[in-house]
Amino acid sequence: MSSTIVQNKEYKNKQRVKDNFISAFIGFFAFVWIFPILWTIWTSLRPYNDIISYGVFSWPRHLNLDNYFTAFRKMGLTHYFLNTLYVTIPAVILTLFLGSLIAFVVSRYSFRFNLSLLLLFTAGNMLPIVLTYIPVFWLYIKIGDLFGNRSLLYNNYLGIILVHVAFQVGFATFVLSSYMKTVPKEISESAIIDGASVFRHYWNVMLPLLRPPLAALGVLMSCWIYNDFFWALILMSEDSKRPVTSALRQLQGQYITDFNLLAAGAIIVAAPTVILFFVLRKQFVSGLTLGSTKG
Amino acid sequence: MKTAATDKKIRSRRSLSRNDRFTLAAFIGIPTLMQIIFLWLPALITIVLSFTYWNGINVSDIKWAGLANYKNIFFGTPVFYEALKNNLVWLLWFTFIATPLGILLAYQIDRKIKGHKIYETVYYIPVVLSLAIIGIIWNFMLQPGGFVQGVMGRDIGNAVSIWGNYSINTYVIMGVASWRHIGYIMLLYLAGLKSVDPSLREASAIDGATEWQTFKKIILPTMRPVNIIIVVITIIESLRAFDLVYIIYGTSTAWPLLNILVFQNFAGQGISMKGAAYAVILLVLCIGPILLYLRNVFKEDLK
């Protein structure tokens, strides 16, 4: 008996040494991981002339936030941030709303086409996006011409919002419907017995119960749509209407020589999602895992 | 039993008022219509267009091309095979290096080793960044005047080109791509690991199993559903890979990928339906993993 305890103790000690080693190893790489970001922040705090005159690794002679103020002023970041808001907020709300409608019907009513519907939406989320470029582009212009206003969808926030919704709604539907399956059926039954209409059943009974996954998805999708810079490059012909991530890509070309200013710009644009991640980390993680690790 | 179920269904359908039926139709109809118009219909049109010649302006100009676009790609476009090779390299790298590293990382962090909370955060930060920002951040590391050049002792004046050096740029691109992928996989796996019964692990520790044995014999098998999802995500991400390379090289074919070729044929020198054909080839490659994913996720419903 005592010999097993001693053995166990020995084993534990050995394991502790090993764990410390593993922790140090992962810690070292954690530093490597974060280093590019730290380096960008460091670069953003120094004036360009310092690097030109004294070299990349020179001791800093000036450290200040000047580049940040200049970035806001010269790059017009406030304007681009507003563009991002015009796209992100309606797109996220619309995605969650439409996704919750389908999820509600599929999980509360037993129609024959439920599964096909769910498959249609979930598979849609996994299609290669490039498959839709040509027709969407063409469709937008034609629909615009039909209504006598070419920039009804093309070169308009509405057009970008719609493509984002079409792509993200599949994921929202999938996550919300698998969550709704865990909500007891009795709640719905009592609502139906009380004579609630379908709309009341959805709006007053189910929707409040969906708050946790809606919050999680909301955070995650805000981040995804915020980060996308691609649709705007295709569907927005005017630079001034593009969201901040697309604008950053252009500013990169424009300010290629003043990379301390560009560093400040990159950090400013990165800040919202990183802050979102730190503040709403729980929602962030559960949004991602609700969808992809169910099984 | 079966008749009872059908009875119930019929009753519930009959009990719906006209208003309710209208609401339900709208609930299903509006999102579905949108999904079809902006996603499925364009996808189908692209498949059809891949068999045509068209400049992308007037419908009346569309000319049937048969398999010409595909023939052109398979027999007349060497860069296609280069792109295929790069996608394959990407896939192999992710499958055998980045994804396993993410899984091992998740496993260690889940064991609550010292500093696990900080590590989890640090490794996940790259995942929340836009590729547009990642491109800029890594440029600060690698461009003339950047950190790596500084370490190599090169000033702005005599810098070496890292993105343009074909013997190393594949590794550099894979490195930057992994910077993002490992954190993503870690987080997905970590969530799955939380559902593994801790007593299983204790039992194997008491039995004197090494960490590696515990991982291989206990953790991996119990995580099977998550494993499948991660395999699918890895494959699809490798096939769809695009943004990072686009940020670095634009639509040039300095380091071609299937997705870059699609885009190259849409933008630049006029629209060519060869781009549509590339997109369809990409779709064909993605179908297997997509079906695997759907089957895994809807296993119970499909029965």
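Residues numbered from 1 in each chain as written. Chains lettered and ligands numbered in written order. Predicted model: local features only at pLDDT ≥ 70, side-chain atom pairs only at ≥ 80, totals over all residues.

1. A look at the overall build of chain A
Right, so step 1: Summing up its helical and strand segments, chain A has 14 helices and zero strands in all.
Right, so step 2: Written out in order from the N terminus, the α and β elements of chain A read α-α-α-α-α-α-α-α-α-α-α-α-α-α.
Right, so step 3: Over its C-alpha atoms chain A spans a radius of gyration of 26 Å, topping by over 25% the 19 Å that the globule rule assigns to 295 residues.
Right, so step 4: The C-alpha extent of chain A, read off along each of the three principal axes, is 85 × 75 × 35 Å.
Right, so step 5: In chain A, which comprises 295 residues, the share counted as buried stands at 43%.
Right, so step 6: Nonlocal contacts in chain A, meaning residues at least 24 apart in sequence, comprise 74% of its contacts between residues at least 6 apart. (Helix = DSSP H or I, 4+ residues; strand = E, 2+ residues; numbered from the N terminus. Rg over C-alpha atoms; globule rule 2.2 N^0.38 Å. Buried ≥ 20, exposed ≤ 12 C-beta atoms within 10 Å, placed from the backbone. Contact = placed C-beta atoms within 7 Å.)

2. Re the overall build of chain B
Right, so step 1: A tally of helices and strands in chain B yields 15 helices and two strands.
Right, so step 2: Here the C-alpha atoms of chain B give a radius of gyration of 25 Å, more than 25% beyond the 19 Å that 2.2 N^0.38 yields for 303 residues.
Right, so step 3: The C-alpha extent of chain B, read off along each of the three principal axes, is 80 × 75 × 35 Å.
Right, so step 4: A buried classification covers 40% of the 303 residues belonging to chain B.
Right, so step 5: Counting only contacts in chain B whose residues sit at least 6 apart along the sequence, the fraction spanning at least 24 positions is 64%.

3. Section: the confidence of the model for chain B
Residues and elements named next belong to chain B.
Right, so step 1: Here chain B averages 86 in pLDDT, while 93% of its residues score no lower than 70.
Right, so step 2: The secondary structure element of chain B with the lowest average pLDDT is helix α1 (residues 2-14), at 46, and the one with the highest is helix α4 (residues 78-110), at 94.
Right, so step 3: Throughout residues 1-11 the model reports pLDDT below 50, and contacts reaching past four residues in sequence, or to other chains, amount to one contact.
Right, so step 4: Scored by ipTM, the complex comes to 0.86, with pTM at 0.88. (pLDDT = per-residue confidence, 0-100.)

4. Considerations on the domain arrangement of chain A
Residue and element names in this part refer to chain A.
Right, so step 1: For chain A, the domain assignment lists domain 1 (2-44) and domain 2 (73-292).
Right, so step 2: The C-alpha-based centres of domain 1 and domain 2 are spaced at 38 Å.
Right, so step 3: Residue-level contacts link four residues of domain 1 with six residues of domain 2.
Right, so step 4: Counted by class, the side of domain 1 that touches domain 2 contains one nonpolar, three polar and no charged residues. (Domains from an automatic or database assignment. Nonpolar A, V, L, I, M, F, W, Y, C, P; charged D, E, K, R; others polar.)

5. A short note on helix α13 (residues 258-266) of chain B
Right, so step 1: Here α13 of chain B lies mainly inside the structure; nine of its nine residues are buried.
Right, so step 2: Among all positions in α13 of chain B, only L258, N259, I260, L261, V262, F263, Q264, N265 and F266 of chain B are buried.
Right, so step 3: Where α13 of chain B is buried, its residues meet α6 (133-146) of chain A together with α4, α11 (224-240), α12 (243-249) and α14 (274-297) of chain B.

6. Quick word on the interface of chain B and chain A
The figure often quoted for interface size is the accessible area lost as the parts come together.
Right, so step 1: Between chain B and chain A, the residue contacts involve 73 residues of the former and 79 residues of the latter.
Right, so step 2: Its residues assigned to classes, the side of chain B that touches chain A shows 51 nonpolar, 15 polar and seven charged.

7. Side note on unusual backbone geometry
Right, so step 1: The residue N155 of chain A is not glycine, and still its phi comes out positive at about 60°.
Right, so step 2: Tracing the backbone through its elements, the reader meets N155 of chain A in the loop between α6 and α7 (157-180).
Right, so step 3: Judged by C-beta crowding, with 17 C-beta atoms within 10 Å, N155 of chain A ranks as partly exposed.
Right, so step 4: In this model, K112 of chain B sits at a positive phi of 60°, which is unusual for a non-glycine residue.
Right, so step 5: With respect to the element layout, K112 of chain B can be found in the loop between α4 and α5 (116-128).

8. Here we look at the environment of S44 of chain A
Residue and element names in this part refer to chain A.
Right, so step 1: With respect to the helices and strands, the residue S44 is situated in helix α1 (residues 2-44).
Right, so step 2: By the C-beta count within 10 Å, which is 23 here, S44 ends up buried.
Right, so step 3: As for S44 and A263, which are separated by 219 residues in sequence, their C-alpha atoms are 4.9 Å apart.

9. Some details on the nonpolar core
Right, so step 1: Formed by 160 residues in total, the largest nonpolar core has its most connected members in A266 of chain A together with I133 and Y189 of chain B.
Right, so step 2: Per element, the largest residue contribution to this core is 14 residues, and it comes from α7 of chain A.
Right, so step 3: When near neighbours in sequence (up to four residues on either side) are disregarded, Y189 of chain B contacts G102, I103, A106, V226 and I230 of chain B. (Core = buried A, V, L, I, M, F, W, Y, C linked by C-beta atoms within 7 Å.)

10. Some points on the packing of helix α13 (residues 259-279) of chain A against helix α6 (residues 131-142) of chain B
Right, so step 1: Running from N to C, α13 of chain A and α6 of chain B cross one another at 145°; their axes reach a closest spacing of 10 Å. Note on packing geometry: the crossing formed by α13 of chain A with α6 of chain B is left-handed. Contact residues: α13 of chain A offers F259, L262, A263, A266, V269 and A270 of chain A, while α6 of chain B offers I133, I136, I137 and F140 of chain B.
Right, so step 2: A class-by-class count of the residues in the contact of α13 of chain A with α6 of chain B yields 10 nonpolar, no polar and no charged. (Axes fitted to C-alpha atoms, helices over the stretch in contact; angles between N-to-C directions. Left-handed = near helix turned anticlockwise from the far one by under 90°.)

11. Re the environment of T43 of chain A
Right, so step 1: For T43 of chain A, the position within the fold is in helix α1.
Right, so step 2: Of the residues examined, T43 of chain A has 25 C-beta atoms within 10 Å and is grouped as buried.
Right, so step 3: Each C-alpha atom of the pair T43 of chain A and A263 of chain A lies 6.4 Å from the other, and the pair is 220 residues apart in sequence.
Right, so step 4: The contact partners of T43 of chain A, leaving out residues within four places of it in the chain, are F259, N260 and A263 of chain A together with F140 of chain B.

12. Here's the deal with the confidence of the model for chain A
Low-confidence regions, as indicated by low pLDDT, have predicted coordinates that should not be scrutinised in detail.
Right, so step 1: Confidence in the prediction for chain A averages 87 pLDDT; 95% of positions are at 70 or higher.
Right, so step 2: Averaged pLDDT values for the elements of chain A fall to 73 in helix α2 (residues 48-54) of chain A and rise to 95 in helix α4 (residues 77-108) of chain A.

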